[in-house]
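Breakdown of the fold
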Amino acid sequence: MEERLKSRHPKWRFPNMVAIPNAHIINYDIKVYPFREMISKTVFRVPELRYLHRYWSRQSKKDTLSYQDNLSLRAAMQNLSQESDFYKIYHPWVANIIGAKVGRKLSYSLHPKFRVHLSGTQSASGFHRDAHITKRPEQINVYLPFTDVFDGNTLWCEDDYGSENFIPLNLTYGQALLWDGGYLKHGTVINDTGFTRVSCDFRFHYKDESLADNDIRSVLSGRPADLYARGLAEVSLLFIRPH
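Residues numbered from 1 in each chain as written. Predicted model: local features only at pLDDT ≥ 70, side-chain atom pairs only at ≥ 80, totals over all residues. Heavy atoms only, no water.

1. Brief notes about the environment of Gly120
Within the secondary structure, Gly120 sits in the loop between strand S3 (113–117) and helix H6 (131–134). Gly120 sits 32 residues away from Gly152 along the chain, and the two C-alpha atoms are 9.5 Å apart. Beyond its immediate stretch of four places on either side in the chain, Gly120 contacts Leu65 and Asn191. (Helix = DSSP H or I, 4+ residues; strand = E, 2+ residues; numbered from the N terminus. Contact = heavy atoms within 4.5 Å.)

2. As for the pairing of strand S7 (residues 175–179)
When you tally the buried positions in S7, you get 5 out of 5 residues, the bulk of the element. Sheet topology note: the strand S4 (residues 140–145)/S7 ladder contains 3 bridges and is antiparallel. The residue bridging Tyr143 from the neighbouring strand is Leu177, located in S7. (Buried < 20%, exposed > 50% of the residue type's maximum accessible area, 1.4 Å probe, protein only. Pairing = 2+ DSSP bridges.)

3. Structural notes on helix H3 (residues 52–60)
Of all the residues in H3, the buried ones are Leu52, His53, Tyr55, Trp56 and Ser57. Where H3 is buried, its residues contact helix H2 (35–44), helix H4 (67–78), S3 and strand S9 (197–206). Phi turns positive, to about 60°, at Lys61, one or two residues after H3.

4. A short note on the sheet that holds strand S8 (residues 186–187)
Think of a sheet as strands paired side by side through backbone hydrogen bonds, with each pair either parallel or antiparallel. Spatially, the 3 strands line up as an open sheet ordered S6-S5-S8, and their pairing is antiparallel. The strands lining the two open edges of the sheet, one partner per strand, are strand S6 (166–168) and S8. Pairing of strand S5 (residues 156–158) with S8 involves 2 bridges; the strand directions are antiparallel. Paired with Cys157 across the strands is His186, a residue of S8.

5. Regarding the nonpolar core
By size, the foremost hydrophobic cluster in this structure holds 47 residues, and its most contacted members are Phe35, Phe44, Phe86, Trp93, Ile98, Phe146 and Phe204. At the level of secondary structure, the elements contributing two or more residues to this core comprise H2, H3, H4, helix H5 (85–98), S3, S4, S7 and S9. Per element, the largest residue contribution to this core is 8 residues, and it comes from H5. Excluding its chain neighbours within four sequence positions, the residues that come into contact with Ile98 are Ile26, Trp93, Leu106, Val142, Leu178, Phe202 and Phe204. Formed by 18 residues, the second largest nonpolar core is a distinct cluster that contains Ile25, Ala131, Trp179 and Tyr183. (Core = buried A, V, L, I, M, F, W, Y, C linked by side-chain atoms within 4.5 Å.)

6. Here's the deal with the packing of H2 against H5
For the pair H2 and H5, interaxial distance at closest approach is 10 Å and the crossing angle is 165°. Regarding the angle of H2 to H5, the classification is roughly antiparallel. Considering only the axes of H2 and H5, their crossing is left-handed. Where H2 abuts H5, its residues Phe35, Met38, Ile39 and Thr42 lie against Asp85, Phe86, Ile89, Tyr90 and Trp93. A breakdown of the residues in the contact of H2 with H5 according to their chemical character gives 7 nonpolar, 1 polar and 1 charged. (Axes fitted to C-alpha atoms, helices over the stretch in contact; angles between N-to-C directions. Parallel < 35°, antiparallel > 145°, perpendicular 65-115°, else oblique. Left-handed = near helix turned anticlockwise from the far one by under 90°. Nonpolar A, V, L, I, M, F, W, Y, C, P; charged D, E, K, R; others polar.)

So this is what it looks like as structure tokens:
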């Protein structure tokens, strides 16, 4: 599948918009919310997060890294306590960046899913639609990278509901993406970029539509009327490797 995906799309980096239905890019101040610096210094203790694969290769004494290495590094983040420096940034970020768009009334993941996709490693995720797993179609996805993400190290998503035509979700550090990961099929490919991705993602649901701004309300508005007829909303029984 990866060769088919990449042959359709020439490499492009850091567009002004993501070409999937009703996605919205949020820009935030990395000096106020210094995720990358905090994770580099206190979690992995490396000078440059994008080169995490180099440091891990030397530390683990491995010439070739694998999906298991992604999981090992991901666990270091997933096991952070709520008292850690990360959560001292994460919760205010959600409250001030997302909360401001929904009148401060939302439910969200207290523990986001952390992702590490080391350069040179295979796909970290099979292609899937989140609502098939969560059974929560009302949730909005947030993709929050702590490194620049592009081409082989980022998520790939279909460019329309059910299209099966996948494009990379390219973002710079200091950007987050609000999007419909519930019903837009997405996954990852081989990371052949030379740079590691470190990111987190979470879902939220606003509690009062009248308080949500247009950007928020529009994210799920592009779902086709025949969503169920087209089979996009059916629950999948296939095993999905979590990304």
